[in-house]
Amino acid sequence: MSMLFVGGKKISRVATVAGVLSELDDETSNSVTSDAPSSVSQDRMIIVGNQLPLRAHRSSDGSGEWCFSWDEDSLLLQLKDGLGEDVEVLYVGCLREQIDPSEQDDVAQTLLETFKCVPAFIPPELFSKFYHGFCKQQLWPLFHYMLPLSPDLGGRFDRSLWQAYVSVNKIFADKRFNRVKLGFFLHSPFPSSEIYRTLPVRDELLRALLNSDLIGFHTFDYARHFLSCCSRMLGLAYQSKRGYIGLEYYGRTVSIKILPVGIHMGQLRSVLNLPETDSRVAELRDQFRGQTVLLGVDDMDIFKGISLKLLAMEQLLTQHPDKRGKVVLVQIANPARGRGKDVQEVQSETHATVRRINETFGRPGYHPVVLIDTPLQFYERIAYYVTAECCLVTAVRDGMNLIPYEYIICRQGNEKLDETLGLNPSTPKKSMLVVSEFIGCSPSLSGAIRVNPWNIDAVAEAMESALIVPEPEKQMRHEKHYRYVSTHDVAYWAHSFLQDLERACRDHVRRRCWGIGFGLGFRVIALDPNFRKLSVEHIVSAYKRTKNRAILLDCDGTMMLQSSISTIPKYRGYRDLE
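Residues numbered from 1 in each chain as written. Predicted model: local features only at pLDDT ≥ 70, side-chain atom pairs only at ≥ 80, totals over all residues. Heavy atoms only, no water.

Going by an unreviewed UniProt entry, the protein carries the name Alpha,alpha-trehalose-phosphate synthase [UDP-forming] 5 and comes from Vitis vinifera.

Structure representation (C-alpha cells):
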C-alpha cells in the first residue's frame, strides 16, 4: 500500500471519473509555472490512496440507492487526527463496490458534497489487471523479495499489466500545478537494489517517485535500499544535512522521511470499552481456563509465515511434553487480499498442519491449535488480544505489521476488563512478544524476543522462553512497549510527516518550477527565480539582426545516441562550423 499527501493553499484539478476533470479553483490554475497566486485562504490536504475510507451498500428500503458511511478502520481516515482542525481534507481513491456507469455522476456528486471524497471509477477489467495483476502478482512479490524464477514464484513481467497500472494512475491524478506540496509514503518494504533492479520498469518507477517533495518509509533499511537504487540506476547521490536526508534531482531536493506508522488509540480504547468485548473476554476466559494462550493474527498469504509458526508450535510440544494440555495456539487467519495459486497452497498447508498437530497432541477437551479462518468482528479480535499471554508474529517479510501494537494496547486493558479477568487494577500489566526480525515494527519493539522465522528450532525456543519469563520482566517489557506505542500513534505519524513535508517545501516560494516531458518522462524542474524561458520570436529577431553567429551543438544524447559506440556525428550535410 502507498499513500500520497498533497498539501498547499491551491490544487488545480482532481479526477472525478475517467476522462472527466472538475475545476476546484479559479482560472489561474492553468498556469504552466508555479507563479500563480493562491485565492484559497484555507489549507487543503488531498490524501490519495487505493481505496476511499468508505463503506457502501444498497439501500434496504427498496429504492436501490447507494448508501455510504465512513470506514473507521481505514488508515486514510485515522490519520486525519494528526491534521489541524482548520485543514480541509479531500480524499481521492477507488470504491470497493462497482458502480454502474449510469450512476457514477450522481455518486461522485454525493460523495464530494457529503464526505469530501472524490472517487476514481475504474472499469472492472482494468482494475483487475492493475490491482490483482500488476500490483499483487508482480510488484507485491518483488517488494517482498520473491523473484519470478519460475511461473509459480510470483508473476513474470507482463507489459499489458504494466500498461493497465499506468492507465489507472493517470485516472487518479492529472498534475498541472507544479508548486503543489507532494508527499508519498510507501506502506510496504522497499527491497535491496539487487532485487529491485530485476524489475523491467525500474527506472520509470524511481523517476515517478522523485517528482515528490518528500518520500516516506517505515524503516531505515527501506530508505537505504531506495537511496541505493537511485544511486546505482539513476546515478543520483544523496546527502545528509542536520539530520535530514535529501536527493538532488533536477534542481530540487527530494527529502526522505523515516518513521513507522502507528495505530489509532481512540478506536482501540473505544472497542475495549464495549460491553460485547467484555462478554467475549469472559467467554474466552472460561474456554481457556487453566491454559496459556499464544496468539497469532495474520492474513492468509505466503509472506505471513503461518506455516512456520505452526511448525514451531509442533516442535514446542514435541520437545516439551509438559506443555501439552497447558498451552494453546490460537491462530486467526484473515482472508487473503490477493488471489492466485499461492493463496490456495497456503490455505491447504495451514489446514493440513493444524490437523496433524491436533491429531498428534490433542485429547478430549484440548486442541493445541485453534484455527479461526472465518471473518471476526473487531471486538472479537480485541478479546483474543486481551486473553493471550503472548503474541507471535513470524512473517518472513512485512512492511510494518501493527498486530503487536494492537496487542500491547489491549493488554493494558481497563478496569472493567480487569474485573472480568480477576486482576488487581493496581498491579502492573504484562505482555510478551515474539516477532520476526523481517517486519517493519521489529526495530521499535526493543523488549520483544526477535527471531528468524525460518529457524523453526529458534522460534520454538523463543515461544518456550516467553512462557517462563519472570512476571516482573514481563511487566517491564510491557511498560516499555506501551509507553512507545501510546505516544507514537497514527496521529503522531501523520503530524510528523506533514511537518517534514512543510519543511521540504519551504523553498517553493523562492523557486520557479516547470513541468517538462510527457507520460512517464514527466519531471518537475526547479530553477532560479531569475531564469526566463527563451522566446522563439526573440531568438529569430536577434539571429536576423546579427552578422556573426556561433551555434553550439551538444553531441552525446543530442546529435549522437548516448549508447552509440562511435562518437563522431555522421549525419548527411554535417560540416564544421567556422
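Moving on: the environment of Trp162. Position of Trp162 relative to the elements: it lies in helix α4 (residues 159-172). Here Trp162 falls in the buried class, since its relative accessible area comes to 5%. Between the C-alpha atom of Trp162 and that of Phe134, which follows or precedes it by 28 residues, the distance is 6.1 Å. If near-sequence neighbours (up to four positions away) are discounted, Trp162 is found in contact with Phe134, Phe157, Val201, Glu204, Leu205 and Leu520. (Helix = DSSP H or I, 4+ residues; strand = E, 2+ residues; numbered from the N terminus. Buried < 20%, exposed > 50% of the residue type's maximum accessible area, 1.4 Å probe, protein only. Contact = heavy atoms within 4.5 Å.)

On a regular strand, one side chain projects to one face of the sheet and the next to the other, so that they alternate. Note: strand β20 (residues 512-516) against strand β21 (residues 523-527), five bridges, orientation antiparallel. Looking at the pairing, Arg512 lines up with Leu527 of β21. What sits between β20 and β21 in their antiparallel hairpin is a turn of six residues, with Gly517 showing a positive phi close to 100°. (Pairing = 2+ DSSP bridges.)

Looking now at a nonpolar patch on the surface. On the surface, Tyr543, Ile551 and Leu553 cluster together into a nonpolar patch covering about 320 Å² of accessible area. Mapped onto the fold, Ile551 is located in the segment after α18 (536-545). (Patch = residues over 30% accessible without salt bridge, like charges linked within 9 Å, V, L, I, M, F, W, Y side chains within 5 Å. Areas by Shrake-Rupley, 256 points an atom, 1.4 Å probe, with all protein chains shown as cover. Salt bridge = Lys/Arg side-chain N within 4 Å of Asp/Glu carboxyl O.)

On to the nonpolar core, then. Of all hydrophobic cores here, the largest spans 109 residues; its most connected members are Leu95, Leu111, Val330 and Ile382. The element that contributes the greatest number of residues to this core is helix α10 (residues 306-319), accounting for seven residues. Excluding anything up to four places from it in sequence, Val330 contacts Phe288, Val293, Leu294, Leu295, Gly296, Val370, Ile372 and Tyr384. In this structure, Phe130, Leu139, Tyr222 and Met233 belong to the second largest nonpolar core, which totals 50 residues. (Core = buried A, V, L, I, M, F, W, Y, C linked by side-chain atoms within 4.5 Å.)

Per the counting criterion, the structure on display carries 31 salt bridges. Glu194 serves as the salt-bridge partner of Arg232, at 3.3 Å between the closest nitrogen and oxygen. Of this pair, Arg232 sits in helix α7 (residues 220-234) while Glu194 sits in helix α5 (residues 193-196), placing them 38 residues apart in sequence. Look at Arg232 and you get exposed, because its relative accessible area is 57%. Between Asp418 and Lys429 there is a salt bridge, with the nearest N and O atoms lying 3.2 Å from each other. Remark: Lys429 occurs in the loop between α14 (415-421) and β18 (432-436) and Asp418 occurs in helix α14; sequence separation between them is eleven residues. With respect to class, Asp418 is no different from Lys429; both count as buried. Put simply, Glu389, Arg411, Lys430, Glu471 and Lys474 are held in one network by salt bridges that share partners.

Tracing the sequence through the fold places Gln78 in helix α1 (residues 75-78). Of the polar contacts made by the side chain of Gln78, one reaches the side chain of Gln267; its length is 3.1 Å. Filtering out sequence-adjacent residues up to four positions away, Gln78 remains in contact with Glu72, Asp73, His264, Gln267 and Val490. (Polar contact = N/O pair within 3.5 Å; in protein donor to acceptor, adjacent residues only side chain to side chain.)

A word on the confidence of the model for the protein. Here the protein shows a mean pLDDT of 88. Residues at 70 or above account for 88%. For residues 9-41, every residue scores under 50 in pLDDT, and the model assigns this stretch 80 contacts once sequence neighbours within four places are set aside. Across residues 574-578, where pLDDT falls below 50, the model places three contacts with residues more than four positions away in sequence or in other chains. (pLDDT = per-residue confidence, 0-100.)

Turning to unusual backbone geometry, a few remarks are in order. In this model, Tyr145 sits at a positive phi of 70°, which is unusual for a non-glycine residue. Structurally, Tyr145 can be placed in the loop between α3 (124-143) and α4. A positive phi angle is found at Tyr250, which is not glycine, with a value near 50°. Within the element layout of this structure, Tyr250 appears in the loop between β12 (244-249) and β13 (252-258). Residue Tyr250 is classed as partly exposed on the basis of its relative accessible area of 37%.

Below, the discussion takes up the environment of Leu310. Examined against the element boundaries, Leu310 turns out to sit in helix α10. A relative accessible area of 0% means that Leu310 is categorised as buried. On a C-alpha basis, the gap between Leu310 and Ile357 in space is 8.4 Å, while along the polypeptide they are 47 residues apart. Those residues in contact with Leu310 that lie beyond four places of it in its chain are Leu329, Thr350, Thr353, Val354, Ile357 and Val369.

Before going further, it helps to examine the sheet that holds strand β15 (residues 327-334). What the six strands build is an open sheet, ordered β16-β15-β14-β17-β18-β19; its pairing is parallel. The sheet terminates laterally at β16 (369-372) and β19 (449-451), the two strands that pair on one side only. Strand-to-strand twist of the sheet, defined as the mean angle between neighbouring strand axes without regard to direction, takes the value 20°. Two elements, strand β14 (residues 292-299) and β15, share eight bridges in a ladder whose sense is parallel. Bridge pairing in β15 places Leu295 opposite Val330. Packing against the sheet, helix α13 (residues 403-412) makes contact with β14, β17 (390-393) and β18, and its axis sits at approximately 175° to β18. Taken strand by strand, helix α15 (residues 456-468) contacts β14, β15, β17, β18 and β19, and its axis lies near 170° from that of β19. (Axes fitted to C-alpha atoms, helices over the stretch in contact; angles between N-to-C directions.)

Relative to the helices and strands, Ser59 is located in the loop between β5 (54-58) and β6 (66-70). A distance of 2.6 Å separates the side chain of Ser59 from the side chain of Asp61, its partner in a polar contact. What Ser59 contacts, discounting residues up to four positions off in sequence, is Gly64, Glu65 and Cys67.

Once that is clear, we can look at the pairing of β17. Both faces of β17 are covered, namely the face carrying Cys390 and Leu392 and the face carrying Cys391 and Val393. Sheet topology places β14 next to β17; two bridges connect them, and they run parallel. Looking at β17, one finds that Leu295 is bridged to Cys391. The pairing of β17 with β18 spans four bridges and is classified as parallel. The partner of Leu392 across the bridge, within β18, is Val434.

This part covers the packing of helix α8 (residues 265-272) against α13. Remark: α8 packs on α13, axes separated minimally by 10 Å, with the N-to-C direction vectors making an angle of 45°. Classified by the angle between their axes, α8 and α13 sit oblique to one another. As α8 packs across α13, the resulting crossing turns out to be right-handed. Contacts between α8 and α13 pair Met265, Leu268 and Leu272 from the former with Glu406, Ile409 and Cys410 from the latter. Of the residues that constitute the contact of α8 with α13, the class distribution is five nonpolar, no polar and one charged. (Parallel < 35°, antiparallel > 145°, perpendicular 65-115°, else oblique. Left-handed = near helix turned anticlockwise from the far one by under 90°. Nonpolar A, V, L, I, M, F, W, Y, C, P; charged D, E, K, R; others polar.)

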